[in-house]
Amino acid sequence: MTLPDTTRKEKTFFPLTSFFVSMKPKAKARPRFTRKGFAYTPSSTASAEKTISLIAKQVFKKEPTKKPVKLVLKFYFQTPKSWTRKKRKLVLEDLSGFHSSKPDLDNLSKLVKDSLNGIIFHDDAVVACMYCEKRYDDNIEGIAIEVYEYGNHDNDDNDDKAN
């Protein structure tokens, strides 16, 4: 058994950008088809993607990265007004606010990844690691987005030239 090389400079994920999109989280809808067989994106999905993309462009002014990225997505849903105090307490306190009904977490994350494509990262294929959660909250509704880039922390420019 060979021991790992401890002399090699350690690489890890470092913060690239983070921002909050104040909107009701929306899942990526399946493409629709016209009678003639042409595919199109439903307008609600296109609108949500555009909102996230616009905010990402305002926050991130650099070239899209081609390095591996870690994506942290937190989706916050308003607690329904129809809930009783007992149910609100159960979900927010006893269940830590976790949202366990539709929309599906994978479809929520697809919409965000597609929205950030070409803006923060070159292609969503560079997402090497992802953490997602969806929660209920009385105070906020939206999507918290954090993007981390893989590389050397102290000498990142030399790392680009070496590759």
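Here the structure is a predicted model, which is why all the values come from computation and not from measurement. (Residues numbered from 1 in each chain as written. Predicted model: local features only at pLDDT ≥ 70, side-chain atom pairs only at ≥ 80, totals over all residues. Heavy atoms only, no water.)

J.: Can you tell me about the side chain of T45, naming the residues and giving the values?
T.: Topologically, T45 is positioned in helix α1 (residues 43–59). Those residues in contact with T45 that sit more than four places away from it in its chain are K26, A27, K28, A29 and L111. (Helix = DSSP H or I, 4+ residues; strand = E, 2+ residues; numbered from the N terminus. Contact = heavy atoms within 4.5 Å.)

J.: Outline the pairing of strand β6 (residues 142–151), supporting the account with residue identities and numerical values.
T.: Here is the key point about a regular strand: its side chains alternate between the two faces of the sheet. Across the ten residues of β6, eight count as buried, placing the element largely inside the fold. Bridge count between strand β1 (residues 12–21) and β6: nine bridges; the pairing is antiparallel. Along β6, the bridge assignment pairs V21 with I143. (Buried < 20%, exposed > 50% of the residue type's maximum accessible area, 1.4 Å probe, protein only. Pairing = 2+ DSSP bridges.)

J.: Can you break down unusual backbone geometry residue by residue, with the values?
T.: Put simply, K102 and P103 share a cis peptide bond, and its omega is 5°. Looking at where P103 falls in the secondary structure, it is placed in the loop between α2 (85–94) and α3 (105–116). The residue S96 is not glycine, and still its phi comes out positive at about 55°. Look at S96 and you get partly exposed, because its relative accessible area is 38%.

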